[in-house]
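# Reading the structure
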Number of protein chains: 2
Amino acid sequence: MYVQNYPSKLLENAVEEFAKLPGIGRKTALRLVLHLLRQNTDDVDRFSQTITQLRHEVKHCKMCNNISDTDVCSICSNPRRDYSTLCVVENIKDVMSIENTHQYNGLYFVLGGVISPMDGIGPADLKIDQLMNKITEGNVKEIIMALSATMEGDTTNFFIYKKLKQYSVTISAIARGVAFGDELEFTDEITLGRAIINRVKFEATLAD
Amino acid sequence: MYVQNYPSKLLENAVEEFAKLPGIGRKTALRLVLHLLRQNTDDVDRFSQTITQLRHEVKHCKMCNNISDTDVCSICSNPRRDYSTLCVVENIKDVMSIENTHQYNGLYFVLGGVISPMDGIGPADLKIDQLMNKITEGNVKEIIMALSATMEGDTTNFFIYKKLKQYSVTISAIARGVAFGDELEFTDEITLGRAIINRVKFEATLAD
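Keep in mind that this is a model prediction, so the values were computed, not measured. Once a new chain begins, its residue numbering starts again from 1 and follows that chain's sequence as written. Naming scheme: in the order in which they are written, chains are lettered from A and ligands are numbered from 1. Restriction of local features to residues with pLDDT of at least 70 applies here, the model being predicted, together with a cutoff of 80 or more for giving and counting side-chain atom pairs; totals for whole chains, interfaces and linings are based on all residues. To obtain the side-chain values, all non-hydrogen atoms of the structure were used and water was disregarded.

Helix and strand labels come from DSSP, where a helix needs a run of H or I of at least four residues and a strand needs a run of E of at least two; each type is numbered from the N terminus. Helix and strand counts for chain A come out as eight helices and seven strands. As defined in this context, the radius of gyration uses C-alpha atoms, and a globule is described by 2.2 Å times the residue total to the power 0.38. The C-alpha radius of gyration of chain A comes to 21 Å, more than 25% above the 17 Å expected for a compact globule of 208 residues. Each of the three principal axes of chain A carries a C-alpha extent, and together these read 65 × 35 × 35 Å. Buried means the residue's accessible area, taken with a 1.4 Å probe over protein chains only, is under 20% of the maximum for its type, while exposed means over 50%, and partly exposed covers the values in between. When each of the 208 residues of chain A is scored for burial, the buried share is 49%. Only heavy atoms enter the contact rule, under which two residues are in contact if any of them lie within 4.5 Å. Pairs at least 24 residues apart make up 55% of the contacts formed inside chain A by residues separated by at least 6 positions. Only the protein chains shown count as cover for residues, with accessible areas throughout obtained via the Shrake-Rupley method and a probe of 1.4 Å. Counting every atom, chain A has about 10,100 Å² of accessible surface; 48% of that belongs to carbon and sulfur.

Right, here's the structure in full:
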């Protein structure tokens, strides 16, 4: 069925909005919208309000760029975390993935992506300067690079390694238990947890 | 990744709301919510407002129960439609499917489902009384039963046929070009269009 003749402009507008979401076609969008139409008004209002509220009120932690309800996120403000270890990840989904392994007790730094010339993403588009500032403060003893095991992740690892090697910090990378080409968020917790434990100094991975 | 440690309550709320939608798991919900977070505030506001507005303002046509922006839908209020023919369908998606075939110029009647004892849906849960009232008004000469070719659809056809045969209306059913067990909304336009054209008197389908 090619959806074309909407009986209602309101319906069409709602379907078009849903169809803008990634991986949602018009047919799925129509199914979702019709589902919402069958719900109580209060439930639909809560659905909309929750999303609006998230977009307007959510903050990014000023320490690590993670999503947070407060200026400093619950990880960065937790006194039981190890402040001397910093795990560099691409995005907040990767923070959640690593937190789920329960194998890591340090802090995070969300880079905002990886260097990818194909997508027009250069070092200046990432939070590398902010990372440098954090390192120069001197509290961090070890940096764990936990970027995706892709060409772009490797390039970013190497770029940051070159910038950081002048400082007295240990630079490690999560072990390659993660299969080449895989993205972090799709890795199972056991593999990802082991990769955190078996992290190796960054030079060693280059020499292999 | 089993999503558990949300860095933000606002994020968690939004993910939970999306995960209530049919066919959307927590992982997909997170992906959709993070997509919305990357959009402009205005775009997200429009997304939410469109859905709220739909739920609050959409009407059901008082003639045919189709979704409509007005009290009487654009089909029922169109003077060029054939008011003597009434096509009985389960839901508004089926109206859209048949409209897309461009093979039908009569009116519709949205039943709101089919009789399904397994799902606890009896005749009283459908708009059968409203359909009867419409028939007794006397304008309708032919009723086309266009329910899904399932056991439940057949049961509903038969139930309505028994109620209607006392009136002087022709009762037909769409031709069985639609494979048994298939649902209307997944049928291609050609097959569905032909099934409308080749409709047969309801007795004939029972005799076969």
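Continuing now.
Residue-level contacts link 61 residues of chain A with 60 residues of chain B. Both sides together, the interface formed by chain A and chain B hides about 5,800 Å², and carbon and sulfur atoms give 66% of it. For this document, the term salt bridge refers to a Lys or Arg side-chain nitrogen within 4 Å of an Asp or Glu carboxyl oxygen. Remark: the boundary between chain A and chain B carries two salt bridges. Here E17(B) ties to R46(A) by a salt bridge, and the two come within 3.0 Å at their closest N and O atoms. Values labelled buried area give the accessible surface lost by two parts on being combined, using a 1.4 Å probe and summing over both.

Further remarks concern the relation of the copies chain A and chain B. All copies are superposed by least squares; the fitting set is the C-alpha atoms of residues with a pLDDT of at least 70 in both. When chain A is fitted to chain B, the best match, at an RMSD of 0.1 Å, comes from turning it 180 degrees and sliding it 0.0 Å along the axis. Viewed as a symmetry operation, the transformation between the two copies matches a two-fold axis. Rotation axis and chain A: the residue whose C-alpha lies nearest the axis is S48(A), separated from it by 2.3 Å. Most of the interface of chain A is mirrored in chain B, where 98% of its interface residues are also at the interface.

This brings us to the packing of aromatic side chains. Two rings from Phe, Tyr or Trp (for Trp, the six-membered ring) form a pair when their centres sit within 6.5 Å of each other. Planes less than 30 degrees apart are called stacked, planes more than 60 degrees apart edge-to-face, and all others tilted. Within the structure shown, the criterion is met by six aromatic pairs over all chains. Relative to Y108(A), the ring of Y104(A) lies with its centre 5.2 Å away and its plane at 65 degrees, an arrangement referred to as edge-to-face. In this pair, the class of Y104(A) matches that of Y108(A), namely buried. Through a chain of ring-to-ring contacts, three or more aromatic side chains come together here, namely F18(A), F47(A), F18(B) and F47(B).

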